[in-house]
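# Close look at the chain arrangement
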Amino acid sequence: MKKTLLICMVAAALVCAFALPSLYAVDAPGDMVLKVPAGAKATKSPVAFSHKGHAALDCAKCHHTWDGKAAIKKCSDEGCHVDTSKKGKKEPTSFYSAFHAKKDMSCVGCHKAMKKAKKAAGPTKCGDCHPKKK
Ligand code: HEC
Ligand code: HEC
Ligand code: HEC
């Protein structure tokens, strides 16, 4: 009896693990190069980003305003991380904070937290994401 229950639970867990991602109506794009929004001046080189390399994470971990259905917004869209000035860097509305804030949903914030927890993490050094221009 107990064994059957265990098998059922494992089966249910497996169904959840594989069925969940396909619940999303939107597909994640392939490899991307992230740049400053149009009109802003870049001081650093563009950053390579791979959805595949982050497939283990829930979409909403990064797309934190997404309802799971509507079109996914860009980080720099109206009402989001729009401020590209150097002065506003520390504010949550800054473009900079979207990628570097000490928050789990930012690139650097998450990578640093994972590193601290001694788990597999992405790069944390400036030059590893913004390679020196040749
Ligand atoms: C995990 C990757 C990652 C790391 C590490 C990282 N950044 Fe970024 N940074 C990004 C992303 C993504 C953007 C947004 C795309 C862009 O502007 O190229 C960005 C944008 C920026 C911008 C605004 C755009 C510009 O070109 O002026 C600045 C300034 C910046 N980063 C500085 C730094 C500095 C300084 C460090 C080290 C302290 C650093 N970054 C570390 C990913 C990273
Ligand atoms: C580790 C963070 C992260 C995760 C997890 C993630 N994404 Fe993204 N995604 C991004 C970033 C960063 C961008 C670029 C946003 C921008 O251009 O401002 C992006 C862009 C997109 C875009 C294009 C939006 C546009 O208009 O350019 C779509 C669609 C998308 N993601 C879907 C997904 C889906 C679906 C999932 C879950 C299966 C997912 N993403 C998981 C970080 C993530
Ligand atoms: C919520 C956590 C989280 C966020 C947010 C996140 N990452 Fe990562 N990232 C990881 C983890 C975990 C790994 C290590 C995966 C592995 O080695 O299995 C990783 C690996 C990477 C790698 C190396 C592997 C690869 O995919 O090429 C790069 C580069 C990277 N991240 C860039 C970024 C950038 C740029 C952003 C922001 C746009 C970002 N990450 C946001 C968790 C995160």
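Look up a bit, the structure's there.
Okay, so let's go over this structure. (Residues numbered from 1 in each chain as written. Chains lettered and ligands numbered in written order. Predicted model: local features only at pLDDT ≥ 70, side-chain atom pairs only at ≥ 80, totals over all residues. Heavy atoms only, no water.)

## Regarding the coordination of the iron atom of ligand 2
The line we're drawing: Counted as coordinating are nitrogen, oxygen and sulfur atoms within 2.8 Å of the metal, or 3.2 Å for Na, K and Ca, while water is not included, which may make sites look incomplete. Exposure classes here rest on a 1.4 Å probe applied to the protein chains alone. A residue is buried below 20% of its type maximum, exposed above 50%, and partly exposed in between.
For the iron atom of ligand 2, every protein donor is listed as His51 (NE2) and His63 (NE2), and the spread of their distances is 2.0 Å. The exposure class of His51 is buried, given its relative accessible area of 19%. For His63, a relative accessible area of 25% puts it in the partly exposed group.

## Examining the coordination of the iron atom of ligand 3
Expected angles at a metal are 109.5 degrees for tetrahedral coordination by four donors and either 90 or 180 degrees for octahedral coordination by six donors. Put simply, the test is: A four-donor site is called tetrahedral if each angle lies between 85 and 135 degrees; a four-donor site is square planar, and a six-donor site octahedral, when trans pairs exceed 155 degrees and the remaining angles lie between 65 and 115; all other cases are labelled irregular. Runs of H or I in DSSP of at least four residues are treated as helices and runs of E of at least two as strands, each being numbered from the N terminus.
Within the first shell, the iron atom of ligand 3 binds the protein through His54 (NE2) and His111 (NE2), at distances of 2.0 Å. Angles of 87 to 180 degrees at the metal separate the six donor atoms of the iron atom of ligand 3, which places the site in the octahedral class. Of this pair, His54 sits in the loop between β2 (47-49) and α2 (59-62) while His111 sits in helix α4 (residues 107-116), and the two are 57 residues apart along the sequence.

## Looking at the site of ligand 3
Let me state the cut-off plainly: Working definition: residue near molecule or strand if any one of its non-hydrogen atoms lies within 4 Å of it. What qualifies as a polar contact is a pair of N or O atoms within 3.5 Å, subject to a donor-acceptor requirement within protein and to the restriction that residues adjacent in sequence count only when both atoms come from side chains. Residues were grouped as follows: Ala, Val, Leu, Ile, Met, Phe, Trp, Tyr, Cys and Pro as nonpolar; Asp, Glu, Lys and Arg as charged; and all remaining residues, including Gly, as polar.
His54, Cys107, Cys110, His111 and Ala120 are the nearest of the 20 residues found near ligand 3. At a separation of 2.8 Å, a nitrogen atom of ligand 3 approaches a polar side-chain atom of His54. Here His111 contributes a side-chain N or O atom positioned 2.8 Å from a nitrogen atom of ligand 3. For the shell around ligand 3, the elements supplying multiple residues, two or more each, are β2, α2 and α4. With four residues, α4 is the single largest residue contributor to the shell around ligand 3. A per-class count over the shell around ligand 3 returns 13 nonpolar, five polar and two charged.

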